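Residue-level structure breakdown
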Amino acid sequence: MDERRREARFDVETGHGTMLSTSPVDIINISLGGLAFRTETRLQIGEEYTVTRDVAGESVAMRGVVAWSVLGGLESRGGETFPVYSVGMKFQGAFTEGGENLLAAAADPVAVEQRLAGVRFRLDGQASIAHPLRYKVRLISMHGMLIEIDHPMKVDEVLPLEISLEEEAPIRCRGRVASCPERLQQHPKHYDVGFEFKQMPDEDSARLARVVKALSGKGSSGN
């Protein structure tokens, strides 16, 4: 067994945090004002997200706010069924040069029922969307933590993390997903995700050490 796993992990009463995850999206169409796409990720109306697509070797990021999101159907894959959402996003700010190149790469105009702004153009192809995931910290040590989250994670995926503990400033690092079992008999689904900390700056490591020391003084620990 890994020596790191043998160290004491401490219960956290009020710990929480966010991580930035990416998911694939299928773009439907685009205009100067917005973007329509399909995704398996449930996005929050009114929240801001960033969709990224490669055009002629250039990565173009489009930031916007979700204006509408509806369940568009279900897809089966690998014996499991996944929801698919149709989403309309309204762009924030002016179009960049990269965005203009993306629009230039689009096909002929197409009529759609739910339009965000102006003439829309077909734009087939895959892209990705960055979205924050919020979680509750259950256990923590100097080398990792156990969190509860309503989103399944891929083992070995490495993500940027922000962790808020006690009265310290947020701790920032990268973390590798070590495990992701589903919590039994809980609806909607939640998962216990084990993270191994990676690439933690010295100042953040010092804050974490203070938190772990304080928790150890309270005599609260888990296996």
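The rules behind the values
- Residue positions are counted from 1 within each chain, in the order its sequence is given.
- Local features in this predicted model are restricted to residues of pLDDT 70 or higher, and side-chain atom pairs are both shown and tallied only at a pLDDT of 80 or more, whereas totals for entire chains, interfaces and linings draw on every residue.
- Only heavy atoms go into the side-chain values, all of them from the structure, while hydrogens and water stay out.
- Helix numbering and strand numbering both begin at the N terminus, where a helix is a DSSP run of H or I of at least 4 residues and a strand a DSSP run of E of at least 2.
- Think of it in three bands: residues with accessible area under 20% of the maximum for their type are buried, residues over 50% are exposed, and the middle band is partly exposed, with areas taken using a 1.4 Å probe on protein chains only.
- Each accessible area is a Shrake-Rupley estimate made with a 1.4 Å probe; only the visible protein chains count as cover when residues are assessed.
- pLDDT: the predictor's confidence for each residue, scored from 0 to 100.
- In this description, contact between two residues means that some pair of their heavy atoms is separated by no more than 4.5 Å.
- In this text, buried Ala, Val, Leu, Ile, Met, Phe, Trp, Tyr and Cys residues form a nonpolar core when linked through side-chain atoms within 4.5 Å.
- Salt bridges are defined as contacts in which a side-chain nitrogen from Lys or Arg sits within 4 Å of a carboxyl oxygen from Asp or Glu.
- Detection works on a 1 Å grid of protein atoms alone, calling trapped sets that fit a 1.4 Å probe cavities and calling open sets with protein on both sides within 12 Å along at least five of seven lines pockets, with lining residues defined by an atom within 4 Å of a point.
- Grid points are joined across faces, edges and corners, and a volume is the space filled by probe spheres set on the points.
- By the convention adopted, Pro, Cys, Tyr, Trp, Phe, Met, Ile, Leu, Val and Ala count as nonpolar, Lys, Arg, Asp and Glu as charged, and the other residues, Gly among them, as polar.
- Given the number of residues in a helix, its expected span is that number minus one, multiplied by 1.5 Å.
- Arc, as used here, means the arc of the directions from the helix axis to the C-beta atoms.
- Only when DSSP finds a minimum of two bridges between them are two strands counted as paired.

The number of helices and strands found in the chain is three helices and twelve strands. Scored against the burial criterion, the 223 residues of the chain give a buried share of 38%. Put simply, the chain shows about 12700 Å² of open surface, and 48% of that area lies on carbon and sulfur atoms.

To continue, consider the confidence of the model for the chain. Summary statistics for the chain give a mean pLDDT of 81 and a share of 79% for residues scoring 70 or more. Throughout residues 109–117 the model reports pLDDT below 50, and contacts reaching past four residues in sequence, or to other chains, amount to 21 contacts.

Within the largest apolar cluster, 27 residues are counted, with the highest numbers of intra-cluster contacts made by Met 19 and Met 145. Looking at this core, the elements with two or more residues in it are β8 (126–140), β9 (144–149), β10 (158–164), β11 (171–179), β12 (191–198) and α3 (202–217). Each residue touching Met 19, except ones within four places of it in the same chain, is listed here: His 131, Pro 132, Leu 133, Tyr 135, Ile 147, Ile 149, Met 153, Leu 159, Pro 160, Leu 161 and Phe 195.

Taken as a whole and assessed by the stated rule, the structure comprises ten salt bridges. The partner of Arg 63 in a salt bridge is Glu 48, with the nearest N and O atoms 3.3 Å apart. In this pair, Arg 63 sits in strand β5 (residues 58–77) while Glu 48 sits in strand β4 (residues 48–55), placing the two residues 15 residues apart along the sequence. Residue Arg 63 is classed as partly exposed on the basis of its relative accessible area, which comes to 40%. You can call Glu 48 partly exposed: its relative accessible area is 40%.

Here we come to the layout of surface pockets. Roughly 1500 Å³ of volume is contained in the largest pocket. Contributing to the lining of the largest pocket are 41 residues, with Glu 40, Thr 41, Arg 42, His 151 and Pro 152 lying nearest its centre. Counting only elements with at least two residues in the lining of the largest pocket, the list comes to β2 (16–30), β3 (34–39), β5, β6 (80–91) and β8. Looking at the lining of the largest pocket residue by residue, the classes come out as 15 nonpolar, twelve polar and 14 charged.

Between its first and last C-alpha, α3 extends 23 Å over 16 residues, near the 22 Å set by a 1.5 Å rise per residue. Here α3 has its buried residues at Asp 204, Arg 207, Leu 208, Val 211, Val 212 and Leu 215. Seen end-on, α3 carries its buried residues on one side only, within an arc spanning 135 degrees. Residues Asp 202, Lys 213 and Gly 217 are exposed on α3 and point more than 90 degrees away from its buried face. Along its buried surface, α3 packs onto β1 (10–11), β8, β11 and β12.

The next point concerns the environment of Met 145. Within the fold, Met 145 resides in strand β9. Looking at Met 145, the relative accessible area reads 1%, which means it is buried. Spatially, the C-alpha atoms of Met 145 and Glu 196 are 6.8 Å apart, while their sequence positions differ by 51 residues. Residues within four places of Met 145 in sequence aside, it is in contact with Tyr 135, Val 137, Leu 139, Ile 140, Leu 161, Ile 163, Val 193, Gly 194, Phe 195 and Phe 197.

Now for the environment of Val 12. You can see Val 12 is positioned in the loop between β1 and β2. Residues Val 12 and Ile 140 lie 128 residues apart in sequence; the distance between their C-alpha atoms is 7.1 Å.

On to unusual backbone geometry, then. In this model, Asp 156 sits at a positive phi of 80 degrees, which is unusual for a non-glycine residue. Position of Asp 156 relative to the elements: it lies in the loop between β9 and β10. In this structure, Gln 199 takes a positive phi of about 50 degrees despite not being glycine. With respect to the helices and strands, Gln 199 occurs in the loop between β12 and α3.

Once that is clear, we can look at the pairing of β4. Of the two faces of β4, the one holding Tyr 49, Val 51, Arg 53 and Val 55 is buried and the one holding Glu 48, Thr 50, Thr 52 and Asp 54 is not buried anywhere. Summarising the sheet, β4 and β5 pair through eight bridges and their orientation is antiparallel. Bridge pairing links Thr 52 to Ala 61 in β5.

The next subject is the pairing of β6. Working note: regular strand, side chains alternate between the two faces of the sheet. One ladder, built from six bridges, connects β3 with β6; its direction is antiparallel. If you follow Thr 39 over to β6, its bridge partner there is Tyr 85. Where β5 and β6 come together, twelve bridges link them in antiparallel fashion. Residue Trp 68 lies in a different strand from β6, and its bridge partner there is Gly 88.

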